Amino acid sequence: MLSLTDDQPFSLDRTLTCGQVFRWHQVPDGGWRGIVGDRLIRIRQDGSRLTFSGAGKKFIKHYFSLDSDLPAIVASFDRDPFIHRSAEACHGLRLIRQPPWECLVSYICSTNSNIPMIRKRIEHIARAFGKPVEEKGITYFGFPKPPLLAGTCEDILTGCKMGYRGKYVKKTACDVGDTDDWAARIRSLPYEPARRELMKFSGVGPKAADCILLFAFQKYEAFPVDVWIRRIMRERYLPALVSNTPLSSNEYNAIRRFARDHFGEYCGYAQEYLYAAREEDP
DNA sequence: TCCCAGGAGGTAT
DNA sequence: ATACCTCATGGG
């Protein structure tokens, strides 16, 4: 059990529904069940009271970034009325610290897809390759480590509704090897060179790289630009941009650099509030 | 039927 | 560097 304090807001629901993670499900009593690596975690929030099983306090605090000073972060990017409203609408949303490998695969799975489809793909991969985790006679599946996805037997991944992304996951699984050295290297680098390194992996372009840097490596300068964020930025901040063309690399860079200047060093946090509030504002 | 979704790789200029 | 083309899949 963890007791939250008023000066450090946290909304479990907003944190888990904003689209940053894909393996959490709400259960009928209002709590949540999720799989992180090979752990099955259950957690629920009743006001300032957070109860959970499957992981210790230390893990939960770290995973949900409960040790971050959220009001200070929000204050740092609260620089105009629109982001202010988004921040109020998603009060308590925190960026999660995801395990790098499953985050990397998740965002390779994400390209040119919608969130329900991404969730299905990841579930397929876990079911096909992951370690079984039993609870009350029900079997869940952990997320498979790289060697399990690097096997040579043909494109078994395409059976996971991966489409053309199957070969990207397989190639990346081969390239990272069987240690976490790749993640340590990325972590040790500043944002821009870390981004260039990540983009060397097959299936990782600018958008996926920025998501992975933000969600797995806490590089908060990353500002992922998808079609939603592009729309919001054009409507609210950069009206000179013309759309209805594919998002070019130049335009992507223009948007993320504007965001870095306008929102500051936590622009990635601002991005998640904009994304999470995308349906709410006319 | 067409269009869209948390895009990226490949190829020809 | 930049412009086009293609890549599966499911839902509206």
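Everything numeric in this text was worked out from a predicted model, so none of it was measured.

Rules used throughout
Residues numbered from 1 in each chain as written. Chains lettered and ligands numbered in written order. Predicted model: local features only at pLDDT ≥ 70, side-chain atom pairs only at ≥ 80, totals over all residues. Heavy atoms only, no water. Near = heavy atom within 4 Å. Polar contact = N/O pair within 3.5 Å; in protein donor to acceptor, adjacent residues only side chain to side chain. 1 Å grid on protein atoms, 1.4 Å probe; cavity = no way out; pocket = protein on both sides within 12 Å on 5 of 7 lines; lining within 4 Å. Points joined across faces, edges and corners; volume = space filled by probe spheres on them. Helix = DSSP H or I, 4+ residues; strand = E, 2+ residues; numbered from the N terminus. Nonpolar A, V, L, I, M, F, W, Y, C, P; charged D, E, K, R; others polar. Domains from an automatic or database assignment. Core = buried A, V, L, I, M, F, W, Y, C linked by side-chain atoms within 4.5 Å. Buried < 20%, exposed > 50% of the residue type's maximum accessible area, 1.4 Å probe, protein only. Contact = heavy atoms within 4.5 Å. Buried area = accessible area lost by both parts, 1.4 Å probe. Salt bridge = Lys/Arg side-chain N within 4 Å of Asp/Glu carboxyl O.

Student: What is the right way to read the protein's contact with DNA strand B from this model?
Tutor: Around DNA strand B, the structure places 26 residues, and the nearest of them are Tyr 164, Ala 208, Asp 226, Trp 228 and Gln 271. Those atoms of DNA strand B that come within 4 Å of the protein belong to sugar or phosphate at a rate of 60%. At 2.6 Å, a side-chain N or O of Asp 226 approaches a base nitrogen of DNA strand B. The separation between a phosphate oxygen of DNA strand B and a polar side-chain atom of Arg 231 is 2.8 Å.

Student: What exactly am I supposed to notice about the layout of surface pockets here?
Tutor: To find leftover empty space, a probe the size of one water molecule is rolled over the atoms. Roughly 740 Å³ of internal volume is contained in the largest pocket. Residue lining of the largest pocket: 32 residues in total, with Asn 112, Lys 207, Val 225, Asp 226 and Val 227 positioned closest to the centre. Only helix H6 (115-129), helix H11 (206-215), helix H12 (227-236), helix H13 (249-263) and helix H14 (267-276) provide two or more residues apiece to the lining of the largest pocket. The element best represented in the lining of the largest pocket is H11, accounting for five residues. Classifying every residue of the lining of the largest pocket by side-chain character gives 16 nonpolar, 11 polar and five charged.

Student: I keep staring at empty space enclosed by the protein and nothing clicks. Help me out?
Tutor: For the structure shown, the criterion picks out one cavity of 30 Å³ or more. Empty space within the largest cavity amounts to approximately 120 Å³. Lining the largest cavity are 14 residues, and of these Val 21, Phe 22, Arg 23, Gln 98 and Glu 102 sit closest to its centre. Elements represented by at least two residues in the lining of the largest cavity include exactly strand E3 (32-36) and helix H5 (100-109). When residues in the lining of the largest cavity are grouped by element, the largest group, three residues, is from H5. Tallied by class, residues from the lining of the largest cavity come to 10 nonpolar, two polar and two charged. When residues are assigned to domains, the lining of the largest cavity turns out to be shared by domain 1 (2-67) and domain 3 (100-216), each giving three or more.

Student: Would you take a moment to explain the nonpolar core for this structure?
Tutor: Soluble globular proteins tend to bury their nonpolar side chains together. Core analysis: the largest hydrophobic core is formed by 70 residues, its most contacted members being Phe 77, Ile 125, Trp 182, Phe 223, Phe 263 and Leu 274. Two domains each donate at least three residues to this core, and these are domain 2 (73-91 + 222-282) and domain 3 (100-216). By size, the runner-up hydrophobic cluster in this structure holds 19 residues, among which are Leu 2, Phe 10, Leu 66 and Ile 96.

Student: How should H14 be read in this particular structure?
Tutor: The periodicity of an α-helix, 3.6 residues per turn, causes residues three or four positions apart to be oriented the same way. In terms of burial, H14 is largely enclosed, as 10 of its 10 residues are buried. Among all positions of H14, only Cys 267, Gly 268, Tyr 269, Ala 270, Gln 271, Glu 272, Tyr 273, Leu 274, Tyr 275 and Ala 276 are buried. On the buried face of H14, the contacting elements are helix H3 (70-77), helix H4 (81-89), H6, H11, H12 and H13.

Student: Looking at this structure, how should I read the domain arrangement of chain A?
Tutor: By a widely used convention, the size of an interface equals the accessible area lost when the partners come together. What the domain assignment lists for chain A is domain 1 (2-67), domain 2 (73-91 + 222-282) and domain 3 (100-216). Spacing between the C-alpha centres of domain 1 and domain 3 amounts to 22 Å. Listed as interface residues are 14 residues of domain 1 and, on the opposing side, 17 residues of domain 3. Between domain 1 and domain 3, a total of about 1500 Å² is buried, with carbon and sulfur atoms accounting for 52% of that surface. Taken together, domain 1 and domain 3 are joined by two salt bridges. At three residues, the largest contribution of residues to the side of domain 1 that touches domain 3 is made by E3. Across the side of domain 1 that touches domain 3, the residue classes tally to six nonpolar, four polar and four charged.

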